[in-house]
Amino acid sequence: TGNTEQIEPAIIDKEIELGIVEGRSKNQEISYTDFIKDEIVLVCHKNHPLAKTSEIDPAALPSYQFIIREQGSGTRQVVDHSLKTIGLRTADLPIEIQLGNTESIKSYLMHSSAVAFLSIHSISQELLNGELRIIEIKGLSITRNFYLIHLQGNQNPIVNKMMRFAMLHYNL
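Residues numbered from 1 in each chain as written. Predicted model: local features only at pLDDT ≥ 70, side-chain atom pairs only at ≥ 80, totals over all residues. Heavy atoms only, no water.

Undergrad: Any details on the packing of aromatic side chains? Residues and values, ideally.
TA: A full pass over the atoms with the stated rule returns two aromatic pairs. Between the aromatic rings of Tyr32 and Tyr147, the centroid separation amounts to 6.0 Å while the plane-to-plane angle is 90°, which identifies the pairing as edge-to-face. Here the residue Tyr32 occupies a position in strand 2 (residues 30-45), and Tyr147 occupies one in strand 8 (residues 142-151), the gap between them amounting to 115 residues. The buried category is assigned to Tyr147, whose relative accessible area is 11%. (Phe/Tyr/Trp six-rings, centres within 6.5 Å; stacked < 30°, edge-to-face > 60°. Helix = DSSP H or I, 4+ residues; strand = E, 2+ residues; numbered from the N terminus. Buried < 20%, exposed > 50% of the residue type's maximum accessible area, 1.4 Å probe, protein only.)

Following this line, the structure appears as structure tokens:
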């Protein structure tokens, strides 16, 4: 596990043969294959005052404490880019804490009055259990693709089988 900036060098250095990343660099040594589409949503704990609201204005975002991903995270890059489309920067948001993975963010949200941007796929169980709530932001939609990555020209049959399996069973 790791962020995009960690997985790509591991592929190039042949530490791993196959990775799943949310960011896409322009590295010519790496082959990127579209895997699944994802949406990143603003979420809060069920007891947060925003939990009773279905939609907020983007101008209200700086009023809330945020949990954010670390620099180098593909999620962080996508959120940073999307916020710019509504005239905001991550630096404009009050940051309560910066964490390095989705599970730690979800855990922190369960005991916090902060909000966070998370993948809709990563919070399905918490949504079903009613623990987290999605808050829509007027005029903002954050989508991205996940990619299967490997070295260009890789003909490893195990990697090819794993990619076929993933595409068949997990491609949403």
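Undergrad: Which residues make up helix 2 (residues 74-84), and what values go with them?
TA: When you tally the buried positions in helix 2, you get eight out of 11 residues, the bulk of the element. Every buried residue of helix 2 is accounted for by Gly74, Thr75, Arg76, Val78, Val79, Asp80, Ser82 and Leu83. The secondary structure elements touched by the buried residues of helix 2 are helix 1 (4-12), strand 2, strand 4 (66-69), strand 5 (95-99), strand 6 (115-119) and strand 8. N-capping of helix 2 is provided by Ser73, with a side-chain oxygen placed 3.1 Å from the backbone N of Thr75. (Contact = heavy atoms within 4.5 Å. Polar contact = N/O pair within 3.5 Å; in protein donor to acceptor, adjacent residues only side chain to side chain.)

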